[in-house]
Structure formats: structure tokens, C-alpha cells
Amino acid sequence: MFMKHSQITPVRLSEILGAAEAAARAIPPAFPLDATVAVNPFLGQTGEDLATTQARLARVAGCPVTLDAQHFATAIREGRITDHDLSEALDASPHAGKPSGLSALKVAASAMGSGVAATALPTIADLAAEATGIDWPSIIDKTVGRWAAGQFDRGQALWSPTPGTPAFVAWREWAVHDLTPEVAGLKGFCAHVAAAPDTTERAILACADALGISGEAAQTAFHRLYMSLGGWSQHARWLLWQAELAGETDGTIADLLAIRLIWEEALLEHVPQISDRWAETLAAHAEPITPTFDQITLAILQDAAERAHQRSLIATLDGGDTLDRRPFLQAAFCIDVRSEVFRRALESVDDGIETIGFAGFFGLPLAHHTHASDIVEARLPVLLNPAIETTSAGDPAKDQASRIAARTSRAWGRFRQAAVSSFAFVEAMGPLYAAKLVRSALGGAAKNKPTAPAPQIVGGLSAQAKADTAAAVLRAMSLTTGHGEIVLLLGHGGNVTNNPHESAYHCGACGGHTGEVSARVLATLLNDPETREGLKARGIEVPEDTLFVAGLHDTTTDEITIYEDALPADRASDIARVSGFLATAGRFARTERSARLPGAKWNNVAARAFNWAETRPEWGLAGCAAFIAAPREATAGKDLGGRSFLHSYDWQADEGFATLELIMTAPVVVASWISLQYYGSSVAPEVFGGGNKLIHNVTGGIGVIEGNSGRLRPGLPWQSVHDGESLAHEPLRLSVMVEAPREAIADILERHPEVRALFDNGWLHLFTLKDGKVDARYRPGLEWSDTIEPERLAS
């Protein structure tokens, strides 16, 4: 039974609540559907290497962190992974229990066959299910999921049962009346919940004592329970993430642990014959996390596969020619890997075109109100807080009319979905929807979304603020000199139909929104005469004939929208010329992309965006494998296969390496989150993937569940990483290549230990470039080793 709070010693209090906190920090956040951004699913394990993470996640989730050994054995046999790759990876492994040499490594890879079976340590619910034949884990999933969908609803439901009530309090009020557990056979569960302590901390402490959880076992035992809740734990972790960004805190994730522990305590009382097996499980939880020989071997093989890709990349980056002409068109794209294909295509159209890569929010930390909306959208990386408020309200009369239309549409939607009227609605109005259904099924959905009014900065900016902001952005873009006649600032976003994960196709640097607001605000700012005058005083001369133009790259259709926000009429011919270049490049890019898309042809790629049955309208960032920060000369004309984030950077123009520090601590980290989300969704789809799109149901506006299950599925749907026959994403940890002095990079890593941990523990690889060629590889401990020639690497 539950222990009274007064019986708990301070030491016990500290170790159990400390373990609960550590377990919560091991869970990655999952952002809601309206602003989905990629998150590193191993965010809580970045202080460990891959083999140790494999051991930890095998214990708490029963999932792998690499593909199986058969995959690597095949790559070795086919020569895609060479002996040199294997030897280098073997030497780099820090584990004493690794294979003794190259031959032993190859033998181990072949002997493991289809991989290492990973089975999580059982929860009490798992043990009770074995003992009784009742699927208690599934019952917990459904009952907790049904409650959580209402508790955390973000506007999808017509009503919320207890809005504003803390999660643990709301669940107790729900659970004492929910007879589902008792109907399933857990007699007295409602009374058990009623008798539970009424605060989260007391409930965790009391249950930990009742279950015999020691301080040594607590962290991974609690982590195991969090993982058993799937995406609900990750949603609660997101609530904490958001609160901490605002300097506050949130206790929801601890509430979920208390809820899950109460279930465990009730099931142990109900099925006491499992006590011995539970004691064995706790003993296993108390053991240190130590990777096995097979787990170490798989981590080495993963490293070897990444070195194989790096060989190819090193050979491709063979130096570049300096671009010394003034371009007619400079097009600044987001660093997103999808822009690499379009940038290469655009530069091939005309010699007077140059492209630039920069984070898609263009350095503007915006909190934006869209047209006819009071919702504030944080259009910046999730690592940052907004500092500038903007609005696209436009003309007040039009804004009010749009609001009235939106309210009417919402009212109509709620009428259709209401408990009583929904039945009559289907009977009376169903036939009238036949034409709409047919039109949508044939891909006839509306193809052009209305353009919002030009965004404005609320309250404006002073002349000094304008110049300071513009100078900071241009320096970060390495665009303080050599401006073209037209500088096109391109945000990006996807265009899909009937897809709950639509925001995942948008710009991650814009918080899961499209990037046109940032591009339009910056273009207006840089064209402002007051800004231009202030830039001169800051040592940045922008030619008078340079015109900044905002646009949006639709990554699904490869079409570009140009926003004519107060563009001068005498530049119409220049804009028309640019539009022609963009149209031609779009055709080239669609043709290249069609080769990867199942069932696509060069002339139907754009149409996939409007097909409501299309599960793969585009591949998103599948295939991402490298991040390159260097002058465009290093990558211009080189086919990187749409797999590289390309950030323009000139270290010689970077006074004090402030821009380098920004790149290493923001875009590199965001790119690592993207890369590792694709990685996790590929190697562990049951734990870190979003499941099957064909049976998704949106719940609470938060995320998706599969069918009628209650488990929230975070991560990427299977169709986003798999083409139906094989993986479309090769799971590789990102290779970061930066053209800058080694000493400057090492200094930044030393001052940012959380970023350094990503490289020291192998979650990212780091190289330096010199004159466009790979010059050195980073090794843990702020050390470097010179790279060798590509010809020798291939041997």
C-alpha cells in the first residue's frame, strides 16, 4: 500500500525524485502537428556514445540504434564499405571489449546475421500480461491515450473535460470514474486511484517504495515507464521545453510518471505471483549500463558505413574556382538539403547566377500574427526565443472580413462534428459532397493559396535598429560585399494535401512554418533607404542598383513564388528575367527528383502535391548526410545529390569568428536534429517513427495514432523514409565540414560543451576544409588528424 510522506527520508526523497528528473531529461520533446520540427530522438543520450546508447535503449525500449549486421555485411561484401573504413572505425572505438582486429570484426559482422535481438526489461504490466493472458500494456495505452487526447487537446475536440487542470489532478478525477480497467479484470482500480497520494511527488515516492525500486534501479526503471507511454511522454517533454524557454517550468512529464507508477502498483497488488520476476527485473535495472560485444560491433560497423560515405564526399570536394564577376542574380536559399538540387539547377541556367545558403529564418527572430489570426507563430529555430513581433493583418476591413469567414467555417465544421447533428448532417448533406469528393480524388484540389498581405514589424524599428539588424544578417550570410543586381531571398515550404504532417515539410528554422514571412520582412528592411544609409556607417556598401526581392520555394513542386512587395516598376524586366530563370531551373530540379520518387515522372512531380492519396508527395530531407559551411566556390558545380546542407561562410570576413560560433551552435545543431530524426525513424521505426500513414488518425491536434490505439506516434511516418521496397533514407550521422581554422573551431567547442559532446561522442563527425578540400578530421578531446588523399582512402 502507499507509504505516508512522513516516512520518507531526505536521502530517499533526493534519489527517487532525482532519478525521475534524469529519466524525464532522457526523453526527447515532440512538437505538435501545427508546427512540427525535427527533434533528435537521442537528445537525452548525447553524453554517451552509440554503443552505450544501444545498451541503454535496449534496456528501456527494446529498440536498436543501427541497422542490423546483415545490412553491413552485405555492404562489406559488395565493396561499399572497405577494409580501410573498417580499420579506421575499429581504431576509433573507445571500448575495450571491441573485436581484436579487422578479421575479427568481419567475422562478427557475418556471425550476427540479421542483428542483435533487443528486448526491453519488462514492466509490471508486461509481467501481468504474461501471467493473466490479459494485454495490460494495450489497455494502459488505450485508457491513458483516451484521457491524454482530451487533456492535451489543442482545439480539435469540441470540448475539453478539465481545461487548465494539472495533468495528475485531471487524471485522478478521470480515473476514479473510468471503469475500463475494472471491466478488463483489475478490480478495485478506481478505489486504488482514489487512495493514491494527491500530489505528483508523493505519488512517485509512495509507488517507488511500494514497488521496491531502489535508488540504483530508479533512473532506468522510470525511463522504461516513460518509453512505454510512447509519444505522450514526448509531448509532455515538449511542454517542459516550451516552459523552460520562457524561463518557467512544467510538471506534466512528472505527472505522467506518477500515473504510470500507480498503474504498476495496482497491477502488482492484483497479480502478486509476479513479485519474484519483478525483483529480478529491478536487479537488472540496478546494473550499470554496459554495452555488449555485439552492440560495440554494430556501433563500429555504423561508423565504418559513415566513413564510406565520407570517402565519396571527400573525393567530390576537390577544390573550387574563385567567382570574381558581379552576378546579375544572387539567390539566397535555406540550407535545407532540398535546395541543393534547385541551387545547382539554377546556377546551370546562366553564368550570371550565384546562390547562397543561409538558415531559412534569415536571422530574424520573429513572432508572427498571420492574416485574420490572433495566434502567435514562432517563426525561428526552436532553440531561440522571438524578439521581433510582425503581423500580416493588412487592410483592417479585409482582415475583419477574413475573420468572419473563418469563424463561419469553424462553426460549420463544429456543426458537422457535433455529437447529435453529425448524424443528420451525413444523411442530409452527404450527396452534395459527392462532387467535392470526386474532384479531390482526381487531384482537383485548389492549387493556389491566397497570398497574405506583406508582413509589417509591429511598432516599427528605429533607424539604428534597422541598420544593426540588417548588418548582423548580412555579416552572418557572408554577404557584406559583392552584391548582385538582384538578391533573391527565398524562404521555403512544402505543398501537400490531406497530410497531417504538412508542417514537417516546411522550414525547420522557421519553427515548422513556411519561410516567406522572414524573407519578405528582410527584403523590405534591406530595400529601406534608411537601412542602406545606416549600413554605410557600419562599413557595408550595398550598390544603389541592388534590389532585394522576397520569394518562396515550394519544395514539393519546385515552383517559386515572387512577392512584389513595393518593387519598383522600372525593374519589371529584371524580375521577368529572374522568373524565367527560376521556371527553367524548376523543370531541371523536378526531372532530377522524379528519379527517386516512386511512380513519378518528370511531368507529374508537381501534381503529387494535390493528390490527397499520395503518401510520398516529396522525400523531405530523406538522404541528408552532410553539412558544409564554406564559400559557394567549394561546392559550386558539384553534384551532392540533394544530401547536403549548404551554408555560405567566409571565415576571412568573420571578425572574431562570431558567425562561425553562431553556425556551430545553431544551424549545425538544428541540422543534427533533422539528421538524427531521420536516422531514428529508419533504424527504430517502432519506437521513434510515426507509423503507417494509411491508418493515421489525428488526435488532439497534437499528433497521430495508428487506427484505434491510444499511443501517440512521434517521429516520421514509415512512408517518409521507405519507398515500399527499401529504405529511401540511408541512416548516417551527419558529417559536418567547415572551412575555417582548426583553432577557431576548437575554441568554440571548448566554450560550448553541449555542442562538443555531439562530436566527442560520435553523434556528429567534424572536418575542416582548406581551399575547398577536406583538410582534417576532428577527434574526441579537441584533437585533429590530417586526412589522406581520396585515392588512398578508396584502397
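Within any chain, residue numbers begin from 1 and follow the written order of that chain's sequence. pLDDT decides what is reported in this predicted model: residues at 70 or higher carry local features, side-chain atom pairs at 80 or more are listed and counted, and totals for whole chains, interfaces and linings draw on all residues regardless. Each side-chain value is worked out from all heavy atoms of the structure, with water and hydrogens disregarded.

**Some remarks on the overall build of the protein chain**
Put simply, the rule is: Numbering of helices and strands runs from the N terminus, with a helix taken as a DSSP run of H or I at least four residues long and a strand as a DSSP run of E at least two residues long. Both definitions apply: the radius of gyration is a C-alpha atom measure, and the globule rule equals 2.2 Å times residues to the power 0.38. Only protein chains enter the accessibility calculation, which uses a 1.4 Å probe; a residue is then buried when its area is under 20% of its type maximum, exposed when over 50%, and partly exposed in between. Contacts are assigned to residue pairs with any non-hydrogen atoms lying within 4.5 Å of each other. Per-residue and other accessible areas follow the Shrake-Rupley method at a 1.4 Å probe size, with only the shown protein chains counted as cover for residues.
Counting its secondary structure elements, the protein chain contains 30 helices and 17 strands. The C-alpha radius of gyration of the protein chain comes to 28 Å, within 12% of the 28 Å expected for a compact globule of 795 residues. Taken along the three principal axes of its C-alpha coordinates, the protein chain extends 85 × 75 × 50 Å. Looking at the protein chain as a whole, 56% of its 795 residues are labelled buried. Of the contacts formed within the protein chain by residues at least 6 apart in sequence, a portion of 74% connects residues at least 24 apart. Summed over all atoms, the accessible surface of the protein chain reaches about 32400 Å², with 54% contributed by carbon and sulfur.

**A look at the layout of surface pockets**
This is how the line gets drawn: Think of a 1 Å grid over just the protein atoms. A cavity is a set of points where a 1.4 Å probe fits yet cannot get out, a pocket is an open set with protein on both sides within 12 Å along at least five of seven lines, and lining residues have an atom within 4 Å of a point. Grid points are joined across faces, edges and corners, and a volume is the space filled by probe spheres set on the points.
By volume, the second largest pocket amounts to about 850 Å³. What lines the second largest pocket is a set of 38 residues, among which Pro 631, Arg 632, Glu 633, Tyr 649 and Asp 650 lie closest to the centre. When residues of the lining of the second largest pocket are traced back to their parent elements, those giving at least two are strand E2 (353-358) and strand E15 (765-770).

**Remarks on the sheet that holds strand E14 (residues 735-738)**
Here is the rule: Any two strands between which DSSP finds at least two bridges are classified as paired. Orientation is described by lines fitted to C-alpha atoms, with helices fitted over the stretch in contact, and by angles between N-to-C directions that extend from 0 to 180 degrees.
Read from one edge of the open sheet, six strands run E11-E10-E14-E15-E16-E17, paired in mixed fashion. The open sheet has two free edges, formed respectively by strand E11 (644-648) and strand E17 (783-786), since each of these has just one partner strand. Across the sheet, the mean angle separating the axes of adjacent strands is 25° when strand polarity is ignored. Relative to strand E16 (residues 773-779), E15 is paired through four bridges, and the arrangement is antiparallel. Bridge pairing in E16 places Lys 770 opposite Lys 773. Across the sheet, helix H29 (residues 753-760) is in contact with E14, E15 and E16; its angle to E16 comes to roughly 100°.

**Looking at helix H6 (residues 124-132)**
Residues of H6 that are buried include every one of Ile 124, Ala 125, Leu 127, Ala 128 and Ala 129, and no others. Tucked inside the fold, the buried residues of H6 contact helix H7 (136-151), helix H14 (252-270) and helix H15 (275-286). One or two positions beyond H6, positive phi appears at Gly 133, with a value near 80°.

**Focus: the packing of aromatic side chains**
For clarity, the cut-off: Here is the rule: rings of Phe, Tyr and Trp (six-membered ring for Trp) pair when centre to centre is within 6.5 Å. Planes less than 30 degrees apart are stacked, more than 60 are edge-to-face, and the remainder are tilted. As a reminder, the over-ring test applies to NZ of lysine and CZ of arginine, requiring each to be within 6 Å of the ring centre and within 35 degrees of the ring normal.
Evaluated as defined, the whole model comprises 16 aromatic pairs. Measuring from ring centre to ring centre gives 5.7 Å for Phe 333 and Phe 342, while their planes differ by 45°; the resulting arrangement is tilted. Taking the relative accessible area as the measure of exposure, Phe 333 reaches 1% and is therefore buried. Overall, the relative accessible area of 0% leaves Phe 342 in the buried class. Three or more aromatic residues joined by ring pairs make a cluster, and in this case those are Phe 42, Tyr 679, Phe 688 and Trp 763. Over the face of the ring belonging to Phe 328 we find Arg 577, whose NZ or CZ atom lies 4.1 Å from the ring centre.

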